[in-house]
Amino acid sequence: MSDTQKAFRDLLHTQRVWDVTLPGFDPSTAPAAPLALFHTWFAEAVAAGQTEPHTLTLATVDAEGRPDVRTLMLHDADERGWHFATHATSEKGRQLAARPHAALNFYWPAQGRQIRVRGTVTPVGRAESLADLHARSTGALAAALTGSQSEVLPSYEDLVRASEAALERARAEPEADVETWTRYVVEPQEVEFFQGEAQRRHVRLRYRRDGAGWTRELLWP
């Protein structure tokens, strides 16, 4: 084993998980549907000082069925499902167009919690996507106007030039449209709430869609 590899493993093995006091979770008190529990846990993550609790991991599959994953921002969570946005022409946008199914994961180590969502992905209407775009900051609008997401970039200087031009336009045209900008909603079929426990007796509560309602079941950790 090389010295570099040994140094990495030594460093890796010194890391600790959930070096905090973890909250309890009694699944018998959970609501009948997952959305209310998500809202509660999100508010508790914010109160606990969790950094960027609105970030999520989005998993999709490509044309060959190979998994792909990246981190995005949550735009909403309502009765329709969990919302995020991206360019329809991006790699994830193309993957979702071909196979409209995805999984989300939220991880909040400040409380030893994670939430997994699996379901069908549907683009919302154009008006709602445009409203989503204009609710963002000037810098975010400029990034959307830069376009070409996931395409090969010839050089970093090309990005700088395109970004500067896009920022100038965003400042001049705060209502500018980006035709490819699309808001998506993950309509959940399964939602799992995981609460870590110091003795590794983790609580896993899964909601499964059952007609118009939900079936709740505990899972072995």
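Reference entry: report on the structure contained in this document. (Residues numbered from 1 in each chain as written. Predicted model: local features only at pLDDT ≥ 70, side-chain atom pairs only at ≥ 80, totals over all residues. Heavy atoms only, no water.)

1. Observations regarding the overall build of the protein
Per the secondary structure count, the protein includes six helices and nine strands. If you line up the protein on its principal axes, its C-alpha atoms span 60 × 55 × 40 Å. Burial analysis of the protein (221 residues in total) assigns 34% to the buried set. Taking the contacts inside the protein whose residues are at least 6 apart along the sequence as the reference set, 65% of them involve residues at least 24 apart. For the protein, the exposed area adds up to about 12900 Å²; of that, 53% sits on carbon and sulfur atoms. Looking at the protein, you have 25 positive and 30 negative side-chain charges, and the mean spots of the two groups are 6 Å apart. (Helix = DSSP H or I, 4+ residues; strand = E, 2+ residues; numbered from the N terminus. Buried < 20%, exposed > 50% of the residue type's maximum accessible area, 1.4 Å probe, protein only. Contact = heavy atoms within 4.5 Å. Areas by Shrake-Rupley, 256 points an atom, 1.4 Å probe, with all protein chains shown as cover. Lys, Arg positive; Asp, Glu negative; His and termini not counted. Charge placed at Lys NZ, Arg CZ, Asp CG, Glu CD.)

2. Some remarks on the packing of aromatic side chains
Taken as a whole and judged by the stated rule, the model has twelve aromatic pairs. Each ring, one from Phe 38 and one from Trp 82, has its centre 5.3 Å from the other, and the planes form 80°; the classification is edge-to-face. Of this pair, Phe 38 sits in helix 2 (residues 34-47) while Trp 82 sits in strand 4 (residues 81-87); the two residues are 44 residues apart in sequence, bridging distant segments of the chain. Of the two residues examined, Phe 38 and Trp 82, each falls in the buried class. (Phe/Tyr/Trp six-rings, centres within 6.5 Å; stacked < 30°, edge-to-face > 60°.)

3. Some details on the packing of helix 5 (residues 138-146) against helix 6 (residues 156-172)
Where helix 5 contacts helix 6, the axes come no closer than 8 Å and their chain directions differ by 125°. Put simply, helix 5 runs oblique to helix 6. Helix 6 is crossed by helix 5, and the crossing has right-handed handedness. Across the interface between the two elements, Thr 138, Leu 141, Ala 142, Leu 145 and Thr 146 of helix 5 pack against Leu 159, Ala 162, Ser 163, Ala 166, Leu 167, Arg 169, Ala 170 and Arg 171 of helix 6. Split into classes, the residues belonging to the contact of helix 5 with helix 6 amount to eight nonpolar, three polar and two charged. (Axes fitted to C-alpha atoms, helices over the stretch in contact; angles between N-to-C directions. Parallel < 35°, antiparallel > 145°, perpendicular 65-115°, else oblique. Left-handed = near helix turned anticlockwise from the far one by under 90°. Nonpolar A, V, L, I, M, F, W, Y, C, P; charged D, E, K, R; others polar.)

4. Quick look at the pattern of salt bridges
Counted under the stated rule, the structure contains 18 salt bridges. Taking the shortest distance from any N to any O, the salt bridge between Arg 80 and Asp 78 comes out at 3.2 Å. According to the relative accessible area criterion, Arg 80 is partly exposed, its value standing at 35%. A salt bridge links Arg 116 to Glu 192, with the shortest nitrogen-to-oxygen separation between them at 2.7 Å. Of the two residues, Arg 116 sits in strand 6 (residues 113-123) while Glu 192 sits in strand 7 (residues 181-195), which places them 76 residues apart along the sequence. A relative accessible area of 37% places Arg 116 in the partly exposed class. Residues joined by salt bridges that share partners form a network here, namely Asp 62, Glu 64 and Arg 66. (Salt bridge = Lys/Arg side-chain N within 4 Å of Asp/Glu carboxyl O.)

5. Quick word on the pairing of strand 6
The pairing of strand 5 (residues 101-108) with strand 6 spans eight bridges and is antiparallel. The partner of Ala 102 across the bridge, within strand 6, is Gly 119. Once strand 5 ends, the chain turns through four residues before running back antiparallel as strand 6, passing Gly 112 with a positive phi of about 65°. By the bridge criterion, eleven bridges tie strand 6 to strand 7 in an arrangement that is antiparallel. (Pairing = 2+ DSSP bridges.)

6. Remarks on a nonpolar patch on the surface
A cluster of nonpolar residues, Leu 153, Tyr 156, Leu 159 and Val 160, forms a patch on the protein surface that exposes about 370 Å² of accessible area. Note that Leu 153 resides in the loop between helix 5 and helix 6. The partly exposed category is assigned to Leu 153, whose relative accessible area is 46%. (Patch = residues over 30% accessible without salt bridge, like charges linked within 9 Å, V, L, I, M, F, W, Y side chains within 5 Å.)

7. Considerations on the side chain of Gln 111
Along the polypeptide, Gln 111 turns up in the loop between strand 5 and strand 6. A residue is classified by how much of its surface remains accessible, and Gln 111, at 11% relative accessible area, is buried.

8. Regarding unusual backbone geometry
One non-glycine residue, Trp 18, lies in the positive phi region at around 55°. Along the chain, Trp 18 falls in the loop between helix 1 (3-13) and helix 2. When its relative accessible area of 17% is taken as the criterion, Trp 18 is described as buried. Positive phi, close to 45°, is recorded for Glu 52, a residue that is not glycine. Turning to its location among the elements, Glu 52 is positioned in the loop between helix 2 and strand 1 (55-61). Residue Glu 52 is classed as partly exposed on the basis of its relative accessible area, which comes to 44%.

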